[in-house]
Amino acid sequence: MAIFRAHDVSQLSDVELVEQVDKLKMELIQYRGKVSAGGAPENPGQIREIRRTIARMKTEQNRRTLA
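Residues numbered from 1 in each chain as written. Predicted model: local features only at pLDDT ≥ 70, side-chain atom pairs only at ≥ 80, totals over all residues. Heavy atoms only, no water.

1. Side note on a positive patch on the surface
Then, in step 1: Residues R32, R48, R51 and R52 make up a contiguous surface patch of positive charge.
Then, in step 2: Among the elements that make up the positive patch, the one with the highest residue count is helix α3 (residues 46-66) (3 residues).
Then, in step 3: Position of R51 among the secondary structure elements: in helix α3. (Patch = residues over 30% accessible without salt bridge, like charges linked within 9 Å, V, L, I, M, F, W, Y side chains within 5 Å. Areas by Shrake-Rupley, 256 points an atom, 1.4 Å probe, with all protein chains shown as cover. Salt bridge = Lys/Arg side-chain N within 4 Å of Asp/Glu carboxyl O. Lys, Arg positive; Asp, Glu negative; His and termini not counted. Charge placed at Lys NZ, Arg CZ, Asp CG, Glu CD. Helix = DSSP H or I, 4+ residues; strand = E, 2+ residues; numbered from the N terminus.)

Set out below in structure tokens:
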């Protein structure tokens, strides 16, 4: 999983943003499923970081549609 910072997100194209958000959402679903099944998370902060990265990307998408 790649963590994107705001600067990295702003350099992605619209199509790349959509693709990355979809990938991260799937990864988040898989990670949450693993944890809810009783598995210990390898990196406990990973769910939080994935959620924040998705939020950064969605914020950039909104910024582009409003501009």
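2. Observations regarding the packing of helix α2 (residues 14-36) against α3
Then, in step 1: The contact between α2 and α3 brings their axes to 10 Å, and the two run at 155°. In this view, α2 runs roughly antiparallel relative to α3, as classed from their interaxial angle. Between α2 and α3 lies a crossing whose hand is left-handed. Residue-level inspection shows D14, L17, V18, Q20, V21, L24, K25, E27, L28, Y31, R32 and V35 of α2 in contact with α3, the latter providing Q46, I47, I50, R51, T53, I54, M57, K58, E60, Q61 and R64.
Then, in step 2: Of the residues contributing to the contact of α2 with α3, the split by class is 11 nonpolar, 4 polar and 8 charged. (Axes fitted to C-alpha atoms, helices over the stretch in contact; angles between N-to-C directions. Parallel < 35°, antiparallel > 145°, perpendicular 65-115°, else oblique. Left-handed = near helix turned anticlockwise from the far one by under 90°. Contact = heavy atoms within 4.5 Å. Nonpolar A, V, L, I, M, F, W, Y, C, P; charged D, E, K, R; others polar.)

3. Let's talk about the environment of K58
Then, in step 1: Note on placement: K58 falls in helix α3.
Then, in step 2: K58 sits in the partly exposed class, given a relative accessible area of 35%.
Then, in step 3: Ignoring sequence-local partners within four residues, the contact set of K58 consists of V21 and K25. (Buried < 20%, exposed > 50% of the residue type's maximum accessible area, 1.4 Å probe, protein only.)

Any functional reading would require information beyond the geometric quantities listed.
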